Amino acid sequence: MFLVPAVAYLALFFGYPVAKNVIMGFQEYSTSTFYTGEAPWVGLQNYVTVVTSSLFTTSLVNTALFTAGSIAGQFVIGLALAVFFKRKFPLNGVLRSLLLLPWLLPLIVSSAVWRWILDKDSGALNNFLGGLGIIDTGVPWLTSTSLALAAVVGVNIWIGIPFNVTVLYGGLQDIPDELYEAASLDGATGWRAFQHVTWPMLRPVVSVVLVLGVVYTLKVLDIILGLTNGGPANSTQTVATQSYALSFQEFKFGEGAAMGNILVLISLVFAVLYLRANRRAVDE
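Described in the following lines is the structure provided in the data block. (Residues numbered from 1 in each chain as written. Predicted model: local features only at pLDDT ≥ 70, side-chain atom pairs only at ≥ 80, totals over all residues. Heavy atoms only, no water.)

Notes on the overall build of the protein
At step 1: From N to C terminus, the protein includes 14 helices and 0 strands.
At step 2: Starting at the N terminus and ending at the C terminus, the protein contains elements arranged as α-α-α-α-α-α-α-α-α-α-α-α-α-α.
At step 3: Principal axes of the C-alpha set define a box for the protein whose edges measure 75 × 60 × 35 Å.
At step 4: When the 284 residues of the protein are sorted by exposure, 38% land in the buried category.
At step 5: In the protein, the proportion of contacts linking residues at least 24 apart, taken out of those at least 6 apart, comes to 67%.
At step 6: Side chains of the protein carry 14 positive and 15 negative charges; the gap between the two charge centres is 4 Å. (Helix = DSSP H or I, 4+ residues; strand = E, 2+ residues; numbered from the N terminus. Buried < 20%, exposed > 50% of the residue type's maximum accessible area, 1.4 Å probe, protein only. Contact = heavy atoms within 4.5 Å. Lys, Arg positive; Asp, Glu negative; His and termini not counted. Charge placed at Lys NZ, Arg CZ, Asp CG, Glu CD.)

Notes on helix α11 (residues 191–218)
For an α-helix, the turn length of 3.6 residues means that residues three or four places apart are oriented alike.
At step 1: Look at α11: only 32 Å from first C-alpha to last across 28 residues, short of the 40 Å you get at 1.5 Å a residue.
At step 2: At Arg203, α11 shows its maximal bend, which comes to roughly 55 degrees, and the proline Pro204 appears one to four places after that position. (Expected span 1.5 Å × (residues − 1). Bend = angle between axes of the 7 residues up to and from the residue.)

Looking at the packing of helix α4 (residues 54–85) against α11
At step 1: Relative orientation of the contacting elements α4 and α11 amounts to 140 degrees, with a least axis distance of 10 Å. Relative to α11, α4 is oriented oblique. Along this stretch, α4 crosses α11, giving a crossing that reads as right-handed. Taken together, the residues of α11 that come into contact with α4 (itself represented by Thr63, Phe66, Thr67, Ser70, Ile71, Phe75, Leu79 and Val83) are Phe194, Trp199, Leu202, Val206, Val209, Leu210, Gly213, Val214, Thr217 and Leu218.
At step 2: When its residues are assigned to classes, the contact of α4 with α11 shows 13 nonpolar, 5 polar and no charged. (Axes fitted to C-alpha atoms, helices over the stretch in contact; angles between N-to-C directions. Parallel < 35°, antiparallel > 145°, perpendicular 65-115°, else oblique. Left-handed = near helix turned anticlockwise from the far one by under 90°. Nonpolar A, V, L, I, M, F, W, Y, C, P; charged D, E, K, R; others polar.)

Quick notes on helix α7 (residues 107–117)
At step 1: Among the residues of α7, those classed as buried are Ser110, Ser111, Trp114 and Ile117. Across the axial projection of α7, the buried residues extend over an arc of 120 degrees, all falling on one side. Away from its buried face, by an angle of more than 90 degrees, α7 presents the exposed residues Ile108 and Trp116.
At step 2: Elements that come into contact with the buried residues of α7 comprise α6 (101–104), α8 (124–131), α9 (148–173) and α12 (222–227). (Arc of directions from axis to C-beta.)

Right under this line is the structure:
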């Protein structure tokens, strides 16, 4: 009985929307449906329409680049900071607490701040680089088709680092010091200690961080909408932003639901494949 409230909450706010979205993907769901209640069944037509769209390949490639770049940056920097904070030094706890701020801020707030920082004409970053003499004119971080995606990835890395640091730091704390002492007796210190002690013991935590990181990154919407709104020229358009645009800008709810379902499927496939590969590696 204690589980009933939690189960009811999950069924109402997670289960029902997912089921409704799956059904909408097979219907011609438009604004008139809200008045008439009629949503004709169209089968796979919505999926055919979005997959054959000229934007689908672009959004799929951008999603892959955005996810790969974000996960790589977040994990590498997060792991380095977690190892750094494992050492005892003054203000360690204070710095770790401050590191959580990017993660605690609402995404739309972070996007607004970074939009100002990366502004071409009056942005803090261009003013800083100009003051150092590195650039002569403002760099169009968010308005250049060749730089916009990299800029968005950089902002998402900044937002995701605290999560990686927190989880990986917790994993490092669970590794017994006796293992490092035994390894040092065999001459394994520094990088060798990390390679033969830290990494094998941390692998289960790494699996969780990477899988959750990929799932979270695939569905990122607020950051991209706040920074570039999918532009310029669709250079930052992802599957998530295209799903949003179809549903809430073009009011093609059926096609938007189909894009959303494709995104969910991609997340599930990646999670299953990665967990199986990691389980096989642990067994070996």
